[in-house]
Amino acid sequence: MAEFTPVNIVQIGYGYWGTNVARNIMQSRKTNMIAISDAVPARLDAAKNVYGSAISDYTADYEKYLDDPKVDAFALVIQTEPSFEVAKKILKAGKHLFIEKPMASDTARAVELTRLAHENHVVLHTDHIMIFHPIIRYIKKMYDEGELGDLIYFDISRMNLGPIRRDVNAMLDLAVHDLAVIDYISGGKEPYHVEAIGETHYGNQETLTYLTLKYEGFLAHIKSSWISPIKERRTMIGGTKKMVIFDDMKTMDKLSIFDQGIIETGEEYGPYEFKARSGDITIPYIAQEDALRNSIEHFADCIREGRESLANGEQGIKVIRILDRAKEALIASNQN
Ligand SMILES: NC(=O)c1ccc[n+]([C@@H]2O[C@H](COP(=O)([O-])OP(=O)(O)OC[C@H]3O[C@@H](n4cnc5c(N)ncnc54)[C@H](O)[C@@H]3O)[C@@H](O)[C@H]2O)c1
């Protein structure tokens, strides 16, 4: 097998999530960390304490790397609102960009970043981590091979206690993952009807949102919460042939497949025209993989092979476009 030349990356942002991104960049043989940048000195000290001399530079000044030829790419792991201006600089400098979700705070910004990526012939990859999760990939394969039948519904809960973000609401923070999953599994379908309600309990953004979407052939209901006493990551998908429940909070046996559904009896004038069909419940063995590692390595593969990411600008735009419509629906629902 040909030796893989690692992609040289500068990471910007070493906050809560940045520690996970850095660990994976450091551990993968496909990536090499050139520097970690953060605007807050204490965060740079925190990174230095973990990686010491394994990384040659900890700096507040990422801009010095924009025209450094040894740098292939940037991983942008800062809050959503300020990330737009930084992302533009990176793309204009002709560097590949791994950007945290949500890719932007609105569609116009997502379109602008995608345009810049195309113009500068670089890979733009949004960290829609769930589409790189082995279980979501397994479900996608089941659907593509006809095992689920037609999609009927997605019922998804993504709930935890905090953090209360200031620049995005719970929907932008959390439902973004689920919208990317629906886009990925359904083969790029977009909803024709979007409803959303939410409430701001703390801070200035909705802390709890319920999003309901109507796609051609199926419904989706997505609960996003920062004020739940328990952490829940549960995706139930109904198909006409089988149904699945993916519970990401379980340590193992995360996916249950229900060979169950509703069948027509053909007895038009009998007591029941339809009846429940019960069948096996199976728990497949799916090897554990780190979705974040997969996301980072997919980004590196795309750079090396000169191809588009699965989580490219177009997917980012589609997801943000739904969230923009949902934001409008949220505002309308508040005007009672
Ligand atoms: N993919 C996922 O599953 C996932 C999970 C959690 C968070 N995230 C995303 O990661 C991003 C960061 O979230 P977080 O919880 O780590 O936030 P955070 O506030 O903990 O960390 C952000 C860090 O970025 C630094 N920073 C901000 N602006 C900067 C700039 N211009 N230059 C250098 N450093 C700068 C801050 O000092 C801070 O250390 C958000 O976009 C969030 O949505 C993604």
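In what follows, the accompanying structure is described. Owing to the predicted nature of the structure, the values given are computational and were not obtained by experimental measurement. (Residues numbered from 1 in each chain as written. Predicted model: local features only at pLDDT ≥ 70, side-chain atom pairs only at ≥ 80, totals over all residues. Heavy atoms only, no water.)

## With respect to the sheet that holds strand E5 (residues 96-99)
- As summarised here, the arrangement of the six strands in space is E3-E2-E1-E4-E5-E6, forming an open sheet in which the pairing is parallel. Edge strands, defined here as strands with exactly one partner in the open sheet, are strand E3 (57-59) and strand E6 (124-126). Pairs of neighbouring strands in the sheet enclose a mean axial angle of 25°, with direction left out of account.
- Both strand E2 (residues 31-37) and E3 contribute to a ladder of three bridges, which runs parallel. Bridge pairing in E3 places isoleucine 36 opposite tyrosine 58.
- The strands that helix H1 (residues 16-27) touches are strand E1 (7-12), E2, strand E4 (73-76) and E5; relative to E2, the one it contacts most, it runs at about 145°. (Pairing = 2+ DSSP bridges. Helix = DSSP H or I, 4+ residues; strand = E, 2+ residues; numbered from the N terminus. Axes fitted to C-alpha atoms, helices over the stretch in contact; angles between N-to-C directions. Contact = heavy atoms within 4.5 Å.)

## Things to note about the sheet that holds strand E12 (residues 243-247)
- Strand order in the open sheet formed by eight strands is E8-E9-E10-E7-E11-E12-E13-E16, and the pairing between neighbours is mixed. Looking at which strands have only one partner, the edges of the open sheet turn out to be strand E8 (193-199) and strand E16 (281-282).
- Summarising the sheet, E8 and strand E9 (residues 208-215) pair through seven bridges and their orientation is antiparallel. Bridged to histidine 193 within E9 is lysine 214.
- On the sheet, helix H6 (residues 170-186) packs against strand E7 (151-161), E8, E9, strand E10 (218-225) and strand E11 (227-239) and is oriented at approximately 150° with respect to E10.
- Each of E8 and E9 touches helix H8 (residues 313-334); the most contacted strand, E8, lies at about 55° to it.

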